[in-house]
Number of protein chains: 2
Amino acid sequence: MSATDRTRHRRLREQGRTDREALFEVLRAGFVCHLGVVVDGDPMVVPTVYGFDSGHVYLHGSVAGRSLTRDATACVTVTHVDGLVLARSVFEHGVNYRSAMIYGVPRALEGDEKLAALRVLTEHIAPGRWEHARPPNRKELAATTVLAISLDEASVKIRRGDPGDQADPHDVWAGVLPLTRAWGPPVADPYTTRPVPEHVLRRTGEPF
Amino acid sequence: MSATDRTRHRRLREQGRTDREALFEVLRAGFVCHLGVVVDGDPMVVPTVYGFDSGHVYLHGSVAGRSLTRDATACVTVTHVDGLVLARSVFEHGVNYRSAMIYGVPRALEGDEKLAALRVLTEHIAPGRWEHARPPNRKELAATTVLAISLDEASVKIRRGDPGDQADPHDVWAGVLPLTRAWGPPVADPYTTRPVPEHVLRRTGEPF
């Protein structure tokens, strides 16, 4: 991961990180990104699921219609909101968050590479699911676009901790209101006759 | 709110909604959006806080440096991830979500309009905070860019419920793994001597 001009942190320099482990931590902690592309000169931002390995983030083509233009740079942003920062001054209010931004030209995958990436994506979102569910058939594979974007140009921003405006003489309650995410109990659909399998229970027990 | 060509739902038509109430419901349920802009021809997607009223979404200038180019269209997307949809086939796996997408040319606010928008933004993120915390002074106001984007061109997509591939003969556990967000108990910073005020406790008790 290298800092290019646009992924070098201009404003919140102290929060910027460019090491790979920080990037992987942010990517591991979620499964929905916001994909930015340019359509007819204007930006379009769509939420979509992702998976990743050591070199790439993978997206699939549920948004393929028009958003995944080939040979043009896309921006993939993953954000976790960890809390509200309630400061002494309105000006210093903010958010505790972890966010990764990746720039790259998406490459459409085919054949074995496409199937492997779909597996990585599925196993990231729902570990154990690739073996449990019915694998994609030829027709489904043909209807799915799978794209790889290199992690070479990426950056991470993290804000943690207290407001930091303790020197402000305005005497109010200041601190952080943490925001957490949690899995609820699995809800089987009305046609399922099996008990909840281990891989689903494991998913709910994971910190997220 | 009107459906233009780019906010008319092409792929998931059954999930699209264009009524205002659906838009407000999605905007009420969060406070961080993903802002998409075009920088040097490429898309950039940054997370930032927002507020809104009946006609506009408001952003402030913590991201003003280069992302909020004037006189160019921006895309604001707000997404809530409500659960994982675990289907019988890998192909039918998906996410339950609520998402709003707003297109518009940001307008920088000044004077009373700027202050009013900052108040709307602050009160959306942390209700009761505008009266409790120190209001912005002249210097802080000058350092803050506040932008309004009209809600005229917006759309909402919602996916709810079961996988829907019950006809697939592959016999596995299928259903939904709900994902929820919750506020944790407020954490005062070490310099705060007051008890947690009511407006903070109220925030944590709100459904989110």
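Residues numbered from 1 in each chain as written. Chains lettered and ligands numbered in written order. Predicted model: local features only at pLDDT ≥ 70, side-chain atom pairs only at ≥ 80, totals over all residues. Heavy atoms only, no water.

1. Re the relation of the copies chain A and chain B
For clarity, the threshold we go by: Superposition of the copies was done by least squares, using only C-alpha atoms of residues whose pLDDT is at least 70 in both.
It takes a turn of 180 degrees to lay chain A on chain B, together with a shift of 0.0 Å along the axis; the resulting RMSD is 0.0 Å. Here the transformation between the copies is reduced to the relation of a two-fold axis. When each C-alpha of chain A is compared by its distance to the rotation axis, A:Arg181 comes out closest, at 2.2 Å.

2. Some details on the side chain of B:Thr79
Cut-off, in case you're wondering: Strands here mean DSSP runs of E at least two residues long; helices mean DSSP runs of H or I at least four residues long; both are numbered from the N terminus. Relative accessibility under 20% of the residue-type maximum defines a buried residue, over 50% an exposed one, and the middle range a partly exposed one, all with a 1.4 Å probe and only protein chains included. Any pair of nitrogen or oxygen atoms within 3.5 Å is treated as a polar contact; in protein, a donor-acceptor pairing is required on top of that, and neighbouring residues in sequence qualify only through side-chain atoms on both sides. Contacts: residue pairs with any heavy atoms within 4.5 Å of one another.
Residue placement: B:Thr79 occurs in strand 5 (residues 74-86). Assessed through its relative accessible area of 16%, B:Thr79 is described here as buried. Among the polar contacts made by the side chain of B:Thr79, one reaches the side chain of B:Ser99 at a distance of 3.2 Å. Here B:Thr79 is in contact with A:His34, A:Pro47, B:Arg98 and B:Ser99, once residues within four sequence places are set aside.

3. Digging into unusual backbone geometry
Residue and element names in this part refer to chain A. With a phi close to 55 degrees, Asp40 is a non-glycine residue in the positive phi region. Structurally, the position occupied by Asp40 is in the loop between strand 2 (32-39) and strand 3 (42-52). Asp40 gets classed as exposed once you look at its relative accessible area, which sits at 77%.

4. What to know about helix 2 (residues 111-125) of chain B
Residue and element names in this part refer to chain B. Put simply, the rule reads: To estimate the expected span of a helix, subtract one from its residue number and multiply by 1.5 Å. An arc is given here, and it is the one of the directions from the helix axis to the C-beta atoms.
Taking 1.5 Å per residue as the helical rise, helix 2 with its 15 residues ought to reach 21 Å, and the 22 Å between its terminal C-alpha atoms agrees with that figure. Turning to helix 2, its buried residues number three or more, namely Lys114, Ala117, Leu118, Leu121, Thr122, His124 and Ile125. For helix 2, the angular spread of the buried residues around the axis is 160 degrees, confining them to a single face.

5. Thoughts on the packing of aromatic side chains
Residues and elements named next belong to chain B. We count it as follows: Geometry of aromatic contacts follows a simple scheme: Phe, Tyr and Trp rings, the Trp one being its six-membered ring, pair when their centres are within 6.5 Å, and the pair is stacked under 30 degrees between planes, edge-to-face over 60, tilted otherwise.
What the rule picks out here adds up to four aromatic pairs over all chains. Plain terms: the ring middles of Phe31 and Trp183 are 6.0 Å apart, the flat faces sit at 10 degrees to each other, and that makes the pair stacked. Note that Phe31 is positioned in the loop between helix 1 (20-28) and strand 2 (32-39) and Trp183 in strand 10 (residues 175-183), a separation of 152 residues in sequence. Like Trp183, Phe31 is buried.

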